[in-house]
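# Per-entry structural report
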Amino acid sequence: AQTVTQSQPEMSVQEAETVTLSCTYDTSESNYYLFWYKQPPSRQMILVIRQEAYKQQNATENRFSVNFQKAAKSFSLKISDSQLGDTAMYFCAFMKIGGGADGLTFGKGTHLIIQP
Amino acid sequence: DVKVTQSSRYLVKRTGEKVFLECVQDMDHENMFWYRQDPGLGLRLIYFSYDVKMKEKGDIPEGYSVSREKKERFSLILESASTNQTSMYLCASSLWGRAGANVLTFGAGSRLTVL
(Lines give C-alpha, C1' and ligand atoms only; values in the text may rest on other atoms or scores of the structure.)
Protein backbone atom coordinates (compact mmCIF):
# COMPACT_ATOMS: atom_id res chain seq x y z
CA ALA A 1 0.00 0.00 0.00
CA GLN A 2 1.07 3.53 -0.67
CA THR A 3 1.50 6.22 1.95
CA VAL A 4 1.62 9.97 1.46
CA THR A 5 3.08 12.23 4.12
CA GLN A 6 2.63 15.96 4.41
CA SER A 7 4.79 17.04 7.31
CA GLN A 8 3.49 20.59 7.61
CA PRO A 9 -0.01 20.72 9.11
CA GLU A 10 -0.13 24.50 8.80
CA MET A 11 1.92 27.24 7.17
CA SER A 12 1.55 30.99 7.09
CA VAL A 13 3.31 33.44 4.78
CA GLN A 14 2.93 37.04 3.71
CA GLU A 15 1.25 37.94 0.46
CA ALA A 16 3.67 37.99 -2.51
CA GLU A 17 6.13 35.63 -0.83
CA THR A 18 7.09 32.26 -2.24
CA VAL A 19 6.07 29.21 -0.25
CA THR A 20 6.90 25.53 -0.61
CA LEU A 21 4.69 22.74 0.67
CA SER A 22 6.36 19.39 1.19
CA CYS A 23 5.10 15.93 0.32
CA THR A 24 6.80 12.57 0.49
CA TYR A 25 5.40 9.22 -0.48
CA ASP A 26 6.26 5.60 -0.24
CA THR A 27 5.61 3.12 -3.02
CA SER A 28 7.10 0.17 -4.82
CA GLU A 29 5.45 1.19 -8.09
CA SER A 30 7.59 2.57 -10.88
CA ASN A 31 4.87 4.33 -12.81
CA TYR A 32 2.30 6.55 -11.17
CA TYR A 33 0.74 10.00 -10.98
CA LEU A 34 1.16 12.61 -8.31
CA PHE A 35 -1.27 15.44 -7.68
CA TRP A 36 -1.73 18.56 -5.63
CA TYR A 37 -5.34 19.46 -4.87
CA LYS A 38 -6.52 22.71 -3.31
CA GLN A 39 -9.58 23.12 -1.08
CA PRO A 40 -10.42 26.80 -0.43
CA PRO A 41 -12.52 27.61 2.65
CA SER A 42 -16.08 26.38 2.15
CA ARG A 43 -15.43 25.62 -1.50
CA GLN A 44 -14.90 22.46 -3.47
CA MET A 45 -11.60 20.79 -3.99
CA ILE A 46 -9.88 21.44 -7.29
CA LEU A 47 -6.80 20.16 -9.03
CA VAL A 48 -3.76 22.43 -8.85
CA ILE A 49 -1.15 20.41 -10.70
CA ARG A 50 -0.37 16.90 -11.84
CA GLN A 51 2.91 15.07 -12.45
CA GLU A 52 3.46 11.81 -14.28
CA ALA A 53 6.27 9.81 -12.74
CA TYR A 54 7.86 8.83 -16.04
CA LYS A 55 8.30 12.48 -16.98
CA GLN A 56 11.48 13.97 -15.59
CA GLN A 57 10.45 17.55 -16.29
CA ASN A 58 8.73 19.21 -13.38
CA ALA A 59 5.14 20.28 -14.01
CA THR A 60 4.27 23.97 -13.97
CA GLU A 61 0.93 25.78 -13.95
CA ASN A 62 1.33 29.55 -13.86
CA ARG A 63 2.49 30.43 -10.31
CA PHE A 64 2.43 26.81 -9.22
CA SER A 65 5.30 24.43 -9.84
CA VAL A 66 6.51 21.17 -8.40
CA ASN A 67 9.89 19.78 -7.48
CA PHE A 68 9.61 16.08 -8.26
CA GLN A 69 12.47 13.97 -6.96
CA LYS A 70 11.60 10.40 -7.90
CA ALA A 71 14.54 8.72 -6.22
CA ALA A 72 13.85 10.58 -2.99
CA LYS A 73 10.08 10.05 -3.39
CA SER A 74 9.50 13.72 -2.84
CA PHE A 75 6.91 15.95 -4.53
CA SER A 76 6.88 19.49 -3.19
CA LEU A 77 4.64 22.32 -4.40
CA LYS A 78 6.02 25.81 -4.85
CA ILE A 79 3.68 28.77 -4.99
CA SER A 80 5.31 31.93 -6.30
CA ASP A 81 4.01 35.45 -5.67
CA SER A 82 1.42 34.10 -3.25
CA GLN A 83 -2.02 35.71 -3.23
CA LEU A 84 -4.78 35.93 -0.64
CA GLY A 85 -6.83 33.54 -2.77
CA ASP A 86 -4.20 30.88 -2.28
CA THR A 87 -5.37 30.45 1.31
CA ALA A 88 -6.66 26.88 1.40
CA MET A 89 -6.05 23.30 2.45
CA TYR A 90 -3.62 21.63 0.09
CA PHE A 91 -3.60 17.88 -0.35
CA CYS A 92 -0.89 15.84 -1.98
CA ALA A 93 -2.11 12.63 -3.62
CA PHE A 94 -0.61 9.55 -5.22
CA MET A 95 -2.26 7.37 -7.84
CA LYS A 96 -0.83 4.15 -9.21
CA ILE A 97 -1.48 3.60 -12.88
CA GLY A 98 -3.68 0.68 -13.72
CA GLY A 99 -4.26 -0.05 -10.09
CA GLY A 100 -7.98 0.36 -10.19
CA ALA A 101 -10.27 3.17 -9.22
CA ASP A 102 -9.20 2.94 -5.60
CA GLY A 103 -5.56 3.55 -6.35
CA LEU A 104 -5.59 7.12 -5.08
CA THR A 105 -4.04 7.93 -1.70
CA PHE A 106 -4.21 11.38 -0.10
CA GLY A 107 -1.96 13.00 2.45
CA LYS A 108 -3.46 14.59 5.55
CA GLY A 109 -3.21 18.08 4.13
CA THR A 110 -1.43 21.37 4.77
CA HIS A 111 -3.43 24.42 5.78
CA LEU A 112 -1.82 27.37 4.01
CA ILE A 113 -2.66 30.87 5.19
CA ILE A 114 -1.63 33.88 3.12
CA GLN A 115 -1.45 36.99 5.30
CA PRO A 116 -2.12 40.44 3.82
CA ASP B 1 -16.70 21.64 -17.22
CA VAL B 2 -17.61 18.54 -15.29
CA LYS B 3 -20.03 19.27 -12.56
CA VAL B 4 -20.49 17.10 -9.49
CA THR B 5 -23.50 18.06 -7.43
CA GLN B 6 -24.14 16.95 -3.88
CA SER B 7 -27.75 17.41 -2.93
CA SER B 8 -27.24 18.72 0.60
CA ARG B 9 -24.50 21.04 1.88
CA TYR B 10 -25.53 20.74 5.53
CA LEU B 11 -27.51 18.07 7.30
CA VAL B 12 -28.36 17.51 10.95
CA LYS B 13 -29.63 14.07 11.88
CA ARG B 14 -30.30 12.15 15.04
CA THR B 15 -28.59 8.99 16.17
CA GLY B 16 -30.22 5.95 14.62
CA GLU B 17 -31.73 7.77 11.66
CA LYS B 18 -31.20 6.51 8.12
CA VAL B 19 -29.32 9.09 6.08
CA PHE B 20 -29.03 9.40 2.32
CA LEU B 21 -26.34 11.52 0.69
CA GLU B 22 -26.87 11.98 -3.02
CA CYS B 23 -24.33 12.81 -5.68
CA VAL B 24 -24.90 13.44 -9.38
CA GLN B 25 -22.34 14.07 -12.12
CA ASP B 26 -23.13 15.31 -15.59
CA MET B 27 -20.21 14.23 -17.74
CA ASP B 28 -20.64 10.50 -18.21
CA HIS B 29 -17.80 9.56 -15.87
CA GLU B 30 -17.37 5.88 -15.17
CA ASN B 31 -15.89 6.22 -11.69
CA MET B 32 -17.57 7.73 -8.68
CA PHE B 33 -16.26 7.97 -5.15
CA TRP B 34 -17.34 8.81 -1.63
CA TYR B 35 -14.72 10.18 0.72
CA ARG B 36 -14.91 11.24 4.30
CA GLN B 37 -12.84 14.28 5.35
CA ASP B 38 -11.89 14.85 8.99
CA PRO B 39 -9.38 17.39 10.36
CA GLY B 40 -5.93 15.88 10.70
CA LEU B 41 -6.96 12.70 8.90
CA GLY B 42 -7.19 13.96 5.33
CA LEU B 43 -9.50 12.17 2.91
CA ARG B 44 -10.42 8.57 3.48
CA LEU B 45 -12.18 6.50 0.85
CA ILE B 46 -15.47 4.96 1.94
CA TYR B 47 -16.68 3.33 -1.28
CA PHE B 48 -16.17 3.71 -4.97
CA SER B 49 -17.99 2.54 -8.05
CA TYR B 50 -16.53 1.91 -11.50
CA ASP B 51 -19.79 1.15 -13.27
CA VAL B 52 -23.53 0.96 -12.75
CA LYS B 53 -24.38 -1.48 -9.95
CA MET B 54 -20.67 -2.09 -9.35
CA LYS B 55 -19.09 -1.04 -6.10
CA GLU B 56 -16.04 -1.76 -4.05
CA LYS B 57 -15.16 -1.02 -0.47
CA GLY B 58 -12.62 1.60 0.31
CA ASP B 59 -10.62 2.05 3.48
CA ILE B 60 -13.48 2.76 5.90
CA PRO B 61 -16.73 1.13 4.66
CA GLU B 62 -18.06 0.09 8.05
CA GLY B 63 -21.40 1.69 8.81
CA TYR B 64 -21.96 2.79 5.22
CA SER B 65 -23.48 1.38 2.06
CA VAL B 66 -23.82 2.77 -1.45
CA SER B 67 -26.08 2.53 -4.43
CA ARG B 68 -25.43 3.20 -8.10
CA GLU B 69 -28.48 2.43 -10.18
CA LYS B 70 -27.68 4.98 -12.87
CA LYS B 71 -24.33 6.03 -14.22
CA GLU B 72 -24.69 9.65 -13.16
CA ARG B 73 -25.87 9.04 -9.60
CA PHE B 74 -24.03 7.60 -6.61
CA SER B 75 -25.68 7.53 -3.22
CA LEU B 76 -24.11 7.05 0.18
CA ILE B 77 -26.34 5.52 2.83
CA LEU B 78 -25.90 5.51 6.57
CA GLU B 79 -28.29 2.81 7.73
CA SER B 80 -28.25 3.93 11.35
CA ALA B 81 -26.36 7.16 11.87
CA SER B 82 -24.02 7.43 14.83
CA THR B 83 -22.27 10.43 16.34
CA ASN B 84 -18.88 9.22 15.10
CA GLN B 85 -20.17 9.66 11.56
CA THR B 86 -20.33 13.41 12.03
CA SER B 87 -18.04 14.59 9.26
CA MET B 88 -17.64 16.21 5.87
CA TYR B 89 -18.50 13.87 3.01
CA LEU B 90 -17.06 14.48 -0.43
CA CYS B 91 -18.27 12.92 -3.64
CA ALA B 92 -15.99 12.78 -6.67
CA SER B 93 -15.99 11.37 -10.17
CA SER B 94 -13.44 10.59 -12.84
CA LEU B 95 -13.04 9.06 -16.26
CA TRP B 96 -11.40 5.71 -16.54
CA GLY B 97 -8.69 4.33 -18.77
CA ARG B 98 -7.94 7.33 -20.92
CA ALA B 99 -4.96 9.69 -21.06
CA GLY B 100 -5.43 12.50 -18.61
CA ALA B 101 -8.32 10.62 -17.19
CA ASN B 102 -7.23 10.17 -13.64
CA VAL B 103 -8.11 13.60 -12.29
CA LEU B 104 -10.93 13.63 -9.77
CA THR B 105 -13.66 16.25 -9.94
CA PHE B 106 -15.15 16.90 -6.54
CA GLY B 107 -18.51 18.08 -5.34
CA ALA B 108 -18.85 20.89 -2.81
CA GLY B 109 -19.23 18.49 0.09
CA SER B 110 -21.98 17.58 2.54
CA ARG B 111 -21.38 18.40 6.16
CA LEU B 112 -23.27 15.93 8.31
CA THR B 113 -23.85 16.40 12.02
CA VAL B 114 -25.30 13.49 13.98
CA LEU B 115 -26.74 14.43 17.36
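Everything here concerns the structure above.
These remarks concern the structure in this document. (Residues numbered from 1 in each chain as written. Chains lettered and ligands numbered in written order. Predicted model: local features only at pLDDT ≥ 70, side-chain atom pairs only at ≥ 80, totals over all residues. Heavy atoms only, no water.)

### Some details on the state of the cysteines
Counted under the stated rule, the structure contains two disulfides over all chains. For Cys23(A), the disulfide goes to Cys92(A), at an S-S distance of 2.0 Å. In this structure, the disulfide formed by Cys23(A) and Cys92(A) twists by about -70 degrees around the S-S bond and is classed as left-handed. Of this pair, Cys23(A) sits in the loop between β3 (19–21) and β4 (24–26) while Cys92(A) sits in strand β10 (residues 88–96), placing them 69 residues apart in sequence. Pair check on accessibility: Cys23(A) and Cys92(A) agree, each one buried. Residue Cys23(B) pairs covalently with Cys91(B) via a disulfide, S to S 1.9 Å. A torsion of -80 degrees about the S-S bond marks the disulfide between Cys23(B) and Cys91(B) as left-handed. Of this pair, Cys23(B) sits in strand β3 (residues 19–25) while Cys91(B) is found in strand β9 (residues 87–94), placing the two residues 68 residues apart along the sequence. Judged by its relative accessible area of 0%, Cys91(B) falls in the buried class. (Disulfide = S-S within 2.5 Å. Helix = DSSP H or I, 4+ residues; strand = E, 2+ residues; numbered from the N terminus. Buried < 20%, exposed > 50% of the residue type's maximum accessible area, 1.4 Å probe, protein only.)

### What about the interface of chain A and chain B?
You'll often see interface size given as the accessible area lost when the parts meet. Listed per partner, the contact involves 18 residues of chain A and 21 residues of chain B. Contact between chain A and chain B buries roughly 1700 Å² in total, counting both sides, with carbon and sulfur atoms accounting for 62%. Seen at the junction of chain A and chain B, the total is zero salt bridges. Joining chain A to chain B, the criterion identifies three residue pairs in polar contact (both at pLDDT 80 or more). Of all the secondary-structure elements, those providing two or more residues to the side of chain A that touches chain B are β5 (32–39), β6 (46–52), β10 and β11 (104–106) of chain A. Residue composition of the side of chain A that touches chain B, grouped by class: 10 nonpolar, five polar and three charged. (Contact = heavy atoms within 4.5 Å. Buried area = accessible area lost by both parts, 1.4 Å probe. Salt bridge = Lys/Arg side-chain N within 4 Å of Asp/Glu carboxyl O. Polar contact = N/O pair within 3.5 Å; in protein donor to acceptor, adjacent residues only side chain to side chain. Nonpolar A, V, L, I, M, F, W, Y, C, P; charged D, E, K, R; others polar.)

### Things to note about the sheet that holds strand β1 (residues 4–6) of chain B
Residue and element names in this part refer to chain B. As summarised here, the arrangement of the four strands in space is β1-β3-β8-β7, forming an open sheet in which the pairing is antiparallel. If you trace the sheet from one side to the other, it starts and ends with β1 and β7 (65–70), each paired once. Between one strand axis and the next, the sheet turns through 20 degrees on average, direction left out of account. When β1 meets β3, the two strands line up antiparallel, connected through three bridges. Each bridged residue has a counterpart across the sheet, and for threonine 5 the counterpart in β3 is valine 24. (Pairing = 2+ DSSP bridges. Axes fitted to C-alpha atoms, helices over the stretch in contact; angles between N-to-C directions.)

### Some words on the pairing of strand β2 (residues 10–14) of chain A
In summary, the side chains of a regular strand alternate between the two faces of the sheet. All names here are of chain A. Only one face of β2 is buried, namely the one carrying Met11 and Val13, since none of Glu10, Ser12 and Gln14 on the opposite face is buried. Direction of pairing for β2 relative to strand β12 (residues 110–115): parallel, over a ladder of five bridges. The residue bridging glutamine 14 from the neighbouring strand is glutamine 115, located in β12.

### Looking at the pattern of salt bridges
Using the criterion set out here, one finds 10 salt bridges over all chains in the structure. In this structure, the salt-bridge partner of Glu79(B) is Lys18(B), at a minimum N-O distance of 3.5 Å. Placement of the pair is Glu79(B) in the loop between β8 (73–78) and β9 and Lys18(B) in the loop between β2 (10–13) and β3, with a sequence separation of 61 residues. Here Lys18(B) falls in the partly exposed class, since its relative accessible area comes to 43%. Residues joined in a network through salt bridges with shared partners are Arg50(A), Glu52(A) and Lys55(A).

### Focus: the pairing of β12(A)
All names here are of chain A. Taking every second residue as pointing to the same face, the buried face of β12 carries Thr110, Leu112 and Ile114, while none of His111, Ile113 and Gln115 on the other face is buried. Pairing between β10 and β12: three bridges, direction antiparallel. The partner of alanine 88 across the bridge, within β12, is leucine 112.

### With respect to the nonpolar core
As a rule of thumb, nonpolar side chains are buried together in soluble globular proteins. In terms of nonpolar packing, the biggest core is built from 26 residues, with Leu21(A), Tyr25(A), Trp36(A), Phe75(A), Leu77(A), Tyr90(A) and Leu112(A) touching the most fellow members. Residue assignment for this core shows that the elements contributing at least two residues are β2, β3, β5, β6, β8 (64–69), β9 (74–79), β10 and β12 of chain A. Ranked by the residues each element gives to this core, the list is headed by β10(A), at four residues. Those residues within four positions of Tyr25(A) in sequence are excluded, and the remaining contacts are Thr3(A), Val4(A), Tyr32(A), Leu34(A), Phe68(A), Gln69(A), Lys70(A), Lys73(A), Ser74(A), Phe75(A) and Phe94(A). With 20 residues, the next largest nonpolar core counts Leu21(B), Ile46(B), Tyr89(B) and Leu112(B) among its residues. (Core = buried A, V, L, I, M, F, W, Y, C linked by side-chain atoms within 4.5 Å.)

Shape is all these values report; function is a separate question.
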